[in-house]
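Survey of secondary and tertiary structure
Take a look at the letters that make up each chain.
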Amino acid sequence: MIDTTVSLPGLELKNPIIPSSGCFGFGKEYARLYDLSQLGAIMVKSTTVEPRLGNPTPRVAETASGMLNAIGLQNPGLQKVMEEELPWLEQYDVPIIANVAGTTTEDYVEVAKAISQAPNVHALEINISCPNVKEGGITFGTDPAIAQQLTQAVKAVSRVPVYIKLSPNVTDIVSIAKAVEAGGADGLTMINTLLGMRLDPKTGRPVIANMTGGLSGPAVKPVALRMVYEVSQQTSLPIIGMGGVSNVDDVIDFLSAGASAVAVGTANFVNPFICPEIVNQLPEKLQELGYDKVEELVGRSHRLCVR
Amino acid sequence: MITQQQKIRQECMVIVEQKEIADSIFELTVEGALTEEMSAPGQFVHIRVADSYEPLLRRPLSVASIDFEHSRFTMIYRAEGRGTNLLAEKRAGDALDVLGPLGNGFPVDKAKSKAFLIGGGIGVPPLYELAKALNKKGIETVHILGFENKKSVFYEEQFRELGDTYIATVDGSHGTKGFVTHVLDRLPADFDTYFSCGPTPMLEAVQAAYPEKQGFLSYEQRMACGIGACFACVCRTTKSETDYVKVCSDGPVFAAGVVIS
Ligand SMILES: Cc1cc2nc3c(=O)[nH]c(=O)nc-3n(C[C@H](O)[C@H](O)[C@H](O)COP(=O)(O)OP(=O)(O)OC[C@H]3O[C@@H](n4cnc5c(N)ncnc54)[C@H](O)[C@@H]3O)c2cc1C
Ligand SMILES: Cc1cc2nc3c(=O)[nH]c(=O)nc-3n(C[C@H](O)[C@H](O)[C@H](O)COP(=O)(O)O)c2cc1C
């Protein structure tokens, strides 16, 4: 028997496959397609104190092997998420990782405090890395001192372990990771999207109404992999890795680079069944590689890359 | 609109036929069990044109006609950018990765005795299955279809078989010169319901022309997932400052006067 389980702070996962925040709503749409209980966990859409309507359209643009998005954290707000979305997900045997966003420390604290009380929320993912909102978001994720303070503030009120979602839009991601570790984070999730742009060749104007958007999909995978590789060796925090994961080989890569579990975002749009497909392929893949447990694979590249 | 929860499938369908029926306009017929899930004209499917990461996202295309007996349906599309040009290279016998049916179609039951079907360019295709469905219910249909020029006109004969059909071309090379609204200006508004699909400015003009009539419009927005999860294709509505709809899963068809585009 191949053991695909993964133990992380707050999370006992059947397998390491998790749909990423913003690419899976609150699960309802994908629940029409397959049983959500097959998933390791679910990272639900970023939640803010008040409902947010998001940015003007077009909000997405395709790019070479990737896409840009500037959704702008559209979500129904804390109250509705607590009263409707999370209770609805209770019918599935799957831990929820609630994603928290805001524009001020107080916002983050308010959402974190309330949402961590929901019975099926087993961990928080703090989004300090959204590139698509004017205030807050990424400003918390690009300055180590601010990131550390926010982590402390959220940790102080959360009933469940706290994972900080890191931005790749920084010069030194290790310094941010170390800062949030010092702030008491229980884990890291990485990476959020890379800030990018696409122009319309006819008009010369940006395709996305917000001008810029976050790049995701296969195009970002090498960047994400490198960052997981670096950060996993310089902090002791467990990492949920993501960025362009589209098949079981990509999952193996992220585990090898040092991630303990893997999130899948954009690939859900291309193949809505991708998560359960990878879950089913993983045991055979591990066997093929000569491993009995997912956990044995984590960080194997570190040992192989001694210089 | 009609919010029944039909089953969405992802299927490797087989291409039965593909042919160019007008300038850069292709008619593509596929076969497979997914067809059986279709519930209303105006629904769409989401097509993956390549197995590779290029192009990455699926392409939304409307269902233009359904042949339940043979489990086939037909799409009509313009080969425009990377994805649709790759799609145009596919041949009969090739496999096609299709996700659908998606969205809610036109509410056929709302028409009473006579309907205007107003389409522009690549918005014309879903009106064909709609015209067939309305005629089957004994509703008289009048078709007002706008195209760029004579070379881009398609399905004129097919529509004529179902009811009076008026064509407008921007350059006047076929039918009335100008837009569909130029045709509408001269037609008596002796219908109870209109249905429309086409570019957003056309939808705006049609709504403005018939403020008192019952109408249903099919909208286009850039999408990613196509099933309502990613919030890419969101539009505000006239209901309130904070109300919104997702074109892919709440639409693409909405009653006139609802969507702020
Ligand atoms: C519900 C719906 C139904 C549609 N039905 C039809 C149809 O029956 N026949 C037809 O010819 N076209 C239809 N379209 C438009 C069609 O989806 C686009 O023409 C097509 O996606 C363009 O792809 P491309 O590869 O040629 O262009 P590219 O420029 O390479 O596309 C780049 C990206 O932009 C998106 N995009 C580009 N143009 C549009 C557009 N007008 N609307 C939405 N997304 C767009 C693409 O899907 C892709 O993600 C429909 C669109 C929607 C939303
Ligand atoms: C359409 C879209 C919406 C997203 N929304 C959120 C969000 O609300 N909160 C968040 O933390 N990350 C969000 N992300 C980022 C993803 O969770 C993920 O970090 C990123 O896309 C990289 O993974 P991928 O390449 O597998 O998509 C979004 C990404 C996309 C494409």
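Residues numbered from 1 in each chain as written. Chains lettered and ligands numbered in written order. Predicted model: local features only at pLDDT ≥ 70, side-chain atom pairs only at ≥ 80, totals over all residues. Heavy atoms only, no water.

Turning our attention to the packing of aromatic side chains. Inspection of every chain in the model, using the stated rule, returns 17 aromatic pairs over all chains. Plain terms: the ring middles of Tyr34 of chain A and Phe273 of chain A are 6.3 Å apart, the flat faces sit at 45° to each other, and that makes the pair tilted. Of this pair, Tyr34 of chain A sits in the loop between α1 (28-31) and β4 (42-43) while Phe273 of chain A sits in the loop between α9 (267-270) and α10 (274-289); the two residues are 239 residues apart in sequence, bridging distant segments of the chain. Exposure class is identical for Tyr34 of chain A and Phe273 of chain A. Each is buried. Ring centres of Phe154 of chain B and Tyr155 of chain B lie 6.2 Å apart, and the angle between their planes is 70°; this geometry places the pair in the edge-to-face category. Put simply, the rings of Tyr128, Phe147, Phe154, Tyr155 and Phe159 of chain B pair up and form one aromatic cluster. Lying across the ring of Trp88 of chain A, Lys28 of chain A places its NZ or CZ 5.3 Å from the centre. (Phe/Tyr/Trp six-rings, centres within 6.5 Å; stacked < 30°, edge-to-face > 60°. Helix = DSSP H or I, 4+ residues; strand = E, 2+ residues; numbered from the N terminus. Buried < 20%, exposed > 50% of the residue type's maximum accessible area, 1.4 Å probe, protein only. Lys NZ or Arg CZ within 6 Å of the ring centre and 35° of its normal.)

What follows concerns the UniProt feature "binding site: FMN" (unreviewed entry) in chain A. Cross-referencing UniProt, the feature "binding site: FMN" (unreviewed entry) maps to Ser21, Lys45, Ser46, Asn99, Asn127, Lys165, Ile191, Gly217, Gly243, Gly244, Gly265 and Thr266 of chain A in the present numbering. With respect to the element layout, Ile191 of chain A can be found in the loop between β10 (187-190) and β11 (194-197). By secondary structure assignment, the location of Thr266 of chain A is in the loop between β14 (261-264) and α9. If we ignore the near neighbours within four places in the chain, the residues touching Thr266 of chain A are Cys23, Met67, Ser216 and Gly217 of chain A together with Leu56 of chain B. Reaching out from Thr266 of chain A, the side chain makes a polar contact with the side chain of Ser216 of chain A at a distance of 2.6 Å. (UniProt positions renumbered as here; feature names shortened; annotations may be inferred. Contact = heavy atoms within 4.5 Å. Polar contact = N/O pair within 3.5 Å; in protein donor to acceptor, adjacent residues only side chain to side chain.)

A few words now on the site of ligand 2. All names here are of chain A. Every one of the 23 residues lining ligand 2 counts as a neighbour, but Ser21, Ser46, Gly217, Gly244 and Thr266 are closest to it. The contact in question runs from a nitrogen atom of ligand 2 to an N or O atom on the side chain of Ser46, over 2.8 Å. In the environment of ligand 2, an oxygen atom lies 2.6 Å from a nitrogen or oxygen atom belonging to the backbone of Gly244. Here ligand 2, which alone exposes 610 Å², has 98% of that area covered by the protein. Partitioned by chemical class, the residues of the shell around ligand 2 number six nonpolar, 15 polar and two charged. (Near = heavy atom within 4 Å. Areas by Shrake-Rupley, 256 points an atom, 1.4 Å probe, with all protein chains shown as cover. Nonpolar A, V, L, I, M, F, W, Y, C, P; charged D, E, K, R; others polar.)

Further remarks concern the UniProt feature "binding site: [2Fe-2S] cluster" (unreviewed entry) in chain B. Residues and elements named next belong to chain B. Feature annotation in UniProt places "binding site: [2Fe-2S] cluster" (unreviewed entry) on Cys225, Cys230, Cys233 and Cys248, given in this structure's numbering. Spanning 24 residues, the annotated positions come together in the fold, the maximum distance between their C-alpha atoms being 10.2 Å. Summarising the element assignment, Cys233 is placed in the loop between β13 (214-218) and β14 (234-237). The class of Cys233 is buried, set by a relative accessible area of 4%. The contacts of Cys233, once residues within four sequence positions are left out, are Gln221, Arg222, Met223, Val245, Lys246, Val247 and Cys248. Along the chain, Cys248 turns up in helix α6 (residues 247-250). For Cys248, a relative accessible area of 2% translates into the label buried.

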